[in-house]
Amino acid sequence: MRPVLCFLCVVGVCATSDAQVFRKHSKWLTVGPNPTAIVAVDLDGDELPEIVTADRGRLVNPRESRPAHDQLSYLAAKENLEYEPQPQLRTGFGPYCLAVANLDELRAPDIVVGSFLASRQRDVTLFRNIGDRLFEPHHFTVDDERLAYTQRLDGDGSPVYTTPGITALAVRDINRDGYRDIIATGWSSDVIVYMQGAIEGYFERPELIEAKGGPRDIAVADFDGDGWDDFALAMYSSEQVALWKGDGEGGFEPVTRFSSRGRLPHRIRAADMNSDGEQDLVISHWAADDSIVIFYGESDFRFGSSREILLGSDREKVEAEIRDIAVGDLDGDGRPDIAAACYASNEVVVLMNRSKDTRLPQPFEEERHSYTNGKPRALCIADFNNDNKRDLGVALWEADRVALLLGK
């Protein structure tokens with residue numbers, strides 16, 4: 001294992017500036033129950049982003065006939081930030097994560113969703129975009145007989161949820177054969193699910209890669225500069241970051257693990273935060289740490305420095321409860337910024353990257369946007385009003401709405 005030398009000091013952020021980067025849009029958009037993921041992308045070619053949410057609903061006993069909700073909401077974009085609800089798209093139970101990619105010969109992007117409950121043989125669903133706002137569903141399953149449930153059990157020793165508990169996925173042509181592949185986290189079973197793209201049927205039979213420690217989220221990037229995709233995992237149960245090297249042909253091997261510097265790492269993103277040409281990692285923690293940690297890459301899977309940003313004031317008390325992060329250049333200055341969906345504090349916290357060079361520690365400027373009648377659960381970045389500025393889509397739990405933060 002490669003050692004990781006952490007830059008251990010805890011650094012705050014600059015006070016909120018009077019000139020905030022975002023403003024709230026006054027209108028909220030209705031979606032299905034308890035949206036847990038959101039994407040915004042032009043699905044019909046009109047240069048306006050549609051909005052899709054994974055509406056998880058409540059997770060209940062997996063032996064019940066309806067252990068969770070099983071649909072996506074699809075809002076078609078019109079001019080002037082108006083949206084037209086479309087028929088909901090039927091998935092497996094507990095749709096939990098989304099990706100959009102072009103998987104066929106048609107030009108329109110397709111939708112891929114991973115479901116948390118493995119009932120009805122619908123662990124992964126591809127909605128093939130066939131035009132005119134119509135989608136053709138294709139369902140894929142992971143063979144439960146090859147999996148073991150490793151997480152929560154009830155009083156009778158039965159699984160609280162079912163295998164494999166997919167919580168994140170990425171769609172990439174990992175083996176460079178011209179077909180998009182899926183790589184997903186099977187949190188309940190301590191596995192990575194790898195599905196190679198295929199000329200017929202879109203995906204081959206899932207392959208399982210053992211990954212002990214509760215893989216909760218995944219970031220795919222080239223971490224050693226060899227031109228091939230590798231991946232990093234947020235290991236929820238073992239509170240680690242795990243790195244795996246890809247060989248460019250669909251094979252992966254573990255390289256190293258190190259502490260995530262917090263409890264219950266939940267989201268992980270890859271970006272070059274300090275513009276030094278190396279991929280860095282941004283990890284958020286769900287528990288009372290209320291922290292975001294940036295690990296700065298130094299090539300060949302080394303992360304010699306790290307920076308912790310606290311969104312709360314008491315490490316023993318849940319104040320923010322970060323449920324999602326979005327990383328991207330939000331103000332057009334060429335530097336990746338961070339936005340966090342904070343469920344407990346009913347806020348979206350935006351951390352604007354104010355660095356001018358590669359030096360560490362990086363300065364960040366904070367702004368906060370609160371929601372009194374909804375709990376931010378998921379985020380996406382898009383230009384919703386076609387003004388060439390980055391906006392944020394905010395999926396609000398309990399309110400069952402999407403709010404927009406528009407770039408000024």
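Cut-offs applied
- Residues numbered from 1 in each chain as written.
- Predicted model: local features only at pLDDT ≥ 70, side-chain atom pairs only at ≥ 80, totals over all residues.
- Heavy atoms only, no water.
- Helix = DSSP H or I, 4+ residues; strand = E, 2+ residues; numbered from the N terminus.
- Contact = heavy atoms within 4.5 Å.
- Areas by Shrake-Rupley, 256 points an atom, 1.4 Å probe, with all protein chains shown as cover.
- Lys, Arg positive; Asp, Glu negative; His and termini not counted.
- Charge placed at Lys NZ, Arg CZ, Asp CG, Glu CD.
- Core = buried A, V, L, I, M, F, W, Y, C linked by side-chain atoms within 4.5 Å.
- Buried < 20%, exposed > 50% of the residue type's maximum accessible area, 1.4 Å probe, protein only.
- Disulfide = S-S within 2.5 Å.
- pLDDT = per-residue confidence, 0-100.

Draft legend 1. Quick peek at the overall build of the chain. Counting secondary structure elements, the chain contains 0 helices and 29 strands. Along the first, second and third principal axes, the C-alpha atoms of the chain reach 55 × 50 × 50 Å. Considering only contacts within the chain whose residues lie at least 6 apart along the sequence, 49% involve residues at least 24 apart. Summed over its atoms, the accessible surface of the chain is roughly 16,300 Å², and 45% of this surface lies on carbon and sulfur atoms. The chain carries 45 positive and 69 negative side-chain charges, and their two centres are separated by 5 Å.

Draft legend 2. Representation of the nonpolar core in the model. Counting 20 residues, the largest nonpolar core has Val112, Leu169, Val171, Ile182 and Phe203 as the members making the most contacts within it. Excluding residues that lie within four positions of it along the chain, valine 112 makes contacts with Cys97, Leu98, Ala99, Leu103, Val124, Thr125, Leu126, Leu169, Val171 and Ile182. Ranked by size, the runner-up nonpolar core spans 18 residues in total, among them Ile51, Ala77, Tyr83 and Ala378.

Draft legend 3. How the structure looks around the state of the cysteines. Enumeration over the complete set of coordinates arrives at 0 disulfides. Here cysteine 342 stays free of any disulfide, with the sulfur of cysteine 380 as its closest cysteine sulfur at 16 Å. The class of cysteine 342 is buried, set by a relative accessible area of 0%.

Draft legend 4. Just the environment of glycine 186, in detail. Among the secondary structure elements, glycine 186 is positioned in strand E12 (residues 181-186). Classification of glycine 186 as buried rests on a relative accessible area of 0%. Between the alpha carbons of glycine 186 and aspartate 123 there is a distance of 9.9 Å; along the sequence they are 63 residues apart. Beyond its immediate sequence surroundings of up to four residues, glycine 186 is in contact with Pro164, Gly165, Val191 and Pro215.

Draft legend 5. Fine view of the confidence of the model for the chain. Chain-level statistics for the chain give a pLDDT mean of 93 and a share of 95% at 70 or above. Within the model, pLDDT remains below 50 along residues 1-11, and this stretch shows 30 contacts once partners closer than five positions in the same chain are excluded.

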